[in-house]
Amino acid sequence: TDPASALAPRVQAAIVAALGDEFEGADPVIRPFTLKPKKGQQAVPAPAADLQINAAMALAKRAGRPPREVAQAIVDALREQGIDDLATDLEVAGPGFVNVTLADSWVADAAQDLLADDRVGVPTPPAQVIPLDYSSPNVAKEMHVGHLRTTVVGDSLARTLERLGHRVVRQNHIGDWGTPFGMLVEHLLEVGEASEEAALLETDPNEFYKAANAKYKASKDDSAPDSFAARARKRVTLLQSGDPDTLRIWERLLDRSKAYFNRVYTELGVTLTDADLDGESRYNDELGPICEDLERTGVAEISDGALCVFLDGFTGRDGQPLPVIVRKSDGGYGYATTDIAALRHRSLDLDADRVIYVVGAPQNLHFRMVWAATRKAGWLRDKTEPLHVQIGNVLGTDGKILRTRSGDLVSLQSLVDAAIEKAGTVVAESRPDLDEQQRASIAEAVGVGAIKYADLSVSHDSEYVFDLDRMVALTGNTGPYLQYAAARIRSILRRADAAETPGPIVLTEPAERTLALRLLDYGKVVAEVGESLEPHRLAAYLFDLAQAFTGFYEQCPVLKAEPAEVKASRLALCALTLRVLVDGLSLLGISAPEEM
Ligand code: ARG
């Protein structure tokens with residue numbers, strides 16, 4: 001376990017002993033001991049302790065005693081109970097903090113236990129069922145850079161929640177239904193299913209979409225009944241009424257789009273497969289009955305010809321109530337209706353504890369209204385908590401939303417290709433000794449890792465600038481830096497004599513201790529990501545860890561260490577660091593190449 005969790009029950013017992021039974025279960029308020037640099041000071045001073053117990057300040061009033069006195073009473077009670085195995089130093093400081101310095105032997109033993117734990121400290125909280133809606137691109141449209149983040153952040157959350165023991169139900173809510181499919185089906189018919197234009201669906205879907213859209217626009221005002229626009233409109237009706245021929249062509253379209261998505265997922269190392277598809281079309285048959293139900297029960301009412309759910313607390317800019325339109329005045333259903341059906345399914349059928357949406361921040365209002373409407377209809381279980389992981393924009397180096405010269409959103413594919421190419425030049429420079437094929441496979445791992453890490457290391461709701469040069473750098477807070485740290489440890493372990501069993505861990509140098517302490521926090525950080533749904537916390541932790549390792553490696557020789565016990569201990573620290581790094585990177589969806 002991590003030190004704070006080990007200390008907590010002891011402090012709770014001490015609080016009861018010092019202040020009385022009525023303080024049972026009080027929060028011990030244990031925090032890492034951190035120092036901020038003083039004004040005008042560059043470096044953070046070396047911390048004087050490892051942890052701080054802040055309970056005295058919180059409890060003083062209730063105990064009717066000054067905080068410092070309460071702090072001292074807690075310290076005395078801890079000593080009385082016996083604390084030497086865990087902490088060597090307890091010191092009352094400031095207004096009533098207790099500074100705690102952990103015993104080297106406890107830290108060393110805990111690190112040794114971690115090495116034997118195949119979960120490297122990751123806990124298993126009570127398991128939940130979690131439908132996780134992520135990636136969710138649109139059929140016959142390019143996956144653009146916005147989908148990069150929903151895909152990468154969502155996949156990292158899926159991996160992390162699964163590692164914590166939850167049952168994640170991946171839901172790739174692709175846009176595969178609605179009015180554009182009239183023109184898309186009609187265009188596919190016109191160019192022919194076997195044509196080169198149709199093949200664009202798998203390679204450059206945007207071009208296919210644009211061609212269909214251009215035809216539609218050009219004929220929009222043509223009143224001839226067989227104009228492209230007229231046929232496209234008729235096709236929508238056919239599709240919605242389930243015309244077999246139309247459905248067959250629509251399915252062809254879908255298959256090709258799926259092939260395109262899957263190629264991108266494979267290239268990015270994303271865990272989504274066809275089994276995770278939960279497209280809008282899946283709910284098509286439910287939309288009519290849903291609207292009838294809503295109308296019959298009075299949850300929805302007709303307003304200006306449209307069927308609307310009015311909700312408390314949602315008003316437009318002018319103060320007018322802002323409804324969820326579930327059926328438009330022309331009889332069509334919208335994006336919100338489908339999302340109500342999807343949430344009903346996730347809550348009632350899947351019996352979800354949390355329903356998570358990893359989707360762009362601008363859709364937040366949409367989701368809050370969908371949740372409120374679903375709740376009002378009685379289709380959301382009390383236990384189901386819907387959550388929106390809001391995804392911020394990806395910007396170009398000019399600070400604007402990333403676009404190509406022609407004004408299109410930059411495609412995901414082109415970004416990945418560019419990153420791999422750039423990583424290739426970095427690897428060519430750093431490892432001229434490797435053959436071309438080895439370098440190419442490293443470049444792929446590094447390029448993809450660079451993009452994913454850049455995406456995951458900033459909080460998901462803030463914008464970030466897509467700057468390839470910075471992302472693929474081997475130094476700084478980058479994916480390649482972490483991959484490199486792992487590869488370096490692998491090389492140390494390769495060079496060590498295979499017969500050398502690592503450990504036991506013994507801590508003498510400060511850099512060893514710092515590294516070991518960082519390692520002990522891994523499980524806690526993963527658990528926190530599972531709660532807060534913020535993968536950037538794991539990224540920050542791994543970066544700190546890699547830096548702690550660098551500090552250790554600079555100060556403590558490993559392979560040349562003497563005597564043999566010191567070498568064995570340091571090899572164990574290396575092995576444990578590698579396990580945590582590789583495991584942590586895998587939760588971010590980033591691979592760690594053997595060599596770099
Ligand atoms: N297809 C949508 C888009 O590209 C995202 C869908 C998100 N998920 C959902 N349940 N609405 O914007």
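Predicted, not measured: the structure shown is a model, and the values here were computed from it. Every chain's residues receive numbers from 1 upward, in the order its sequence appears when written. Owing to the predicted nature of the model, reporting of local features is limited to residues with pLDDT of at least 70; listing and counting of side-chain atom pairs is limited to 80 or more, with chain, interface and lining totals taken over all residues.

## Considerations on the site of the ligand
- Taken together, D133, S136, P137, N138, H173, G175, D339, A342, Y357 and V359 form the complete shell of residues around the ligand.
- Contributions of two or more residues to the shell around the ligand are made by α12 (335-349) and β10 (354-360).
- A class-by-class count of the residues in the shell around the ligand yields four nonpolar, four polar and two charged. Put plainly, near means the residue's C-beta atom, positioned from the backbone, lies within 6 Å of the molecule or strand in question. Numbering goes from the N terminus for both helices and strands, where a helix is a DSSP run of H or I of at least four residues and a strand is a run of E of at least two. Throughout this entry, Asp, Glu, Lys and Arg are counted as charged residues, while Ala, Val, Leu, Ile, Met, Phe, Trp, Tyr, Cys and Pro are counted as nonpolar. The remaining residues, Gly among them, count as polar.

## Let's talk about the environment of A377
- For A377, the location among the structural elements is in the loop between α13 (364-376) and β11 (385-391).
- On the basis of neighbour count, A377 is assigned to the partly exposed category, with 19 C-beta atoms found within 10 Å.
- Sequence-wise, A377 and I290 are 87 residues apart; in three dimensions their C-alpha atoms are separated by 9.6 Å. Residues with at least 20 neighbouring C-beta atoms inside 10 Å of their own are called buried, those with 12 or fewer are called exposed, and the rest are partly exposed, where every C-beta is derived from the backbone.

## What about helix α15 (residues 436-456)?
- What a helix is expected to span follows from its residue count: subtract one and scale by 1.5 Å. With 21 residues, α15 should cover 30 Å at 1.5 Å per step; its first-to-last C-alpha distance of 30 Å lies within 8% of that length.
- Of all 21 residues making up α15, 16 are buried, and the element is well covered by its neighbours.

## Notes on the nonpolar core
- Throughout this description, the term nonpolar core refers to a group of buried Ala, Val, Leu, Ile, Met, Phe, Trp, Tyr and Cys residues whose C-beta atoms join them within 7 Å. Core analysis: the largest hydrophobic core is formed by 165 residues, its most contacted members being I74, A111, L253, A516 and L581.
- Broken down by element, the residue count for this core peaks at eleven residues, all from helix α21 (residues 564-588).
- Here this core spans two domains, and each of domain 1 (3-102) and domain 2 (412-588) adds at least three residues to it. Residue ranges assigned to the domains are those given by an automatic or database domain assignment.

## Digging into the packing of helix α18 (residues 510-520) against helix α20 (residues 535-555)
- In this analysis, axes come from line fits to C-alpha atoms, helices being fitted only over the stretch in contact, and the angle between any two N-to-C directions falls in the range 0 to 180 degrees. Running from amino to carboxyl end, α18 crosses α20 at an angle of 160°, the nearest separation of the two axes being 8 Å. Relative to α20, α18 is oriented roughly antiparallel. Both α18 and α20 take part in a crossing whose hand is left-handed. Listed contacts from α20 to A511, E512, T514, L515 and R518 of α18 are D544, L545, A548, F549, G551, F552 and Q555.
- Looking at the contact of α18 with α20, its residues break down into six nonpolar, three polar and three charged. Orientation is classified from the angle alone, with under 35 degrees giving roughly parallel, over 145 giving roughly antiparallel, 65 to 115 giving roughly perpendicular, and any other angle giving oblique. Less than a right angle of anticlockwise turn of the near helix away from the far helix marks a crossing as left-handed, whereas a clockwise turn marks it as right-handed. With C-beta atoms placed from the backbone, a contact is any residue pair whose C-beta atoms sit within 7 Å.

## A closer look at the domain arrangement of the chain
- Entries for the chain in the domain assignment read domain 1 (3-102) and domain 2 (412-588).
- On a C-alpha basis, the centres of domain 1 and domain 2 stand 33 Å from each other.

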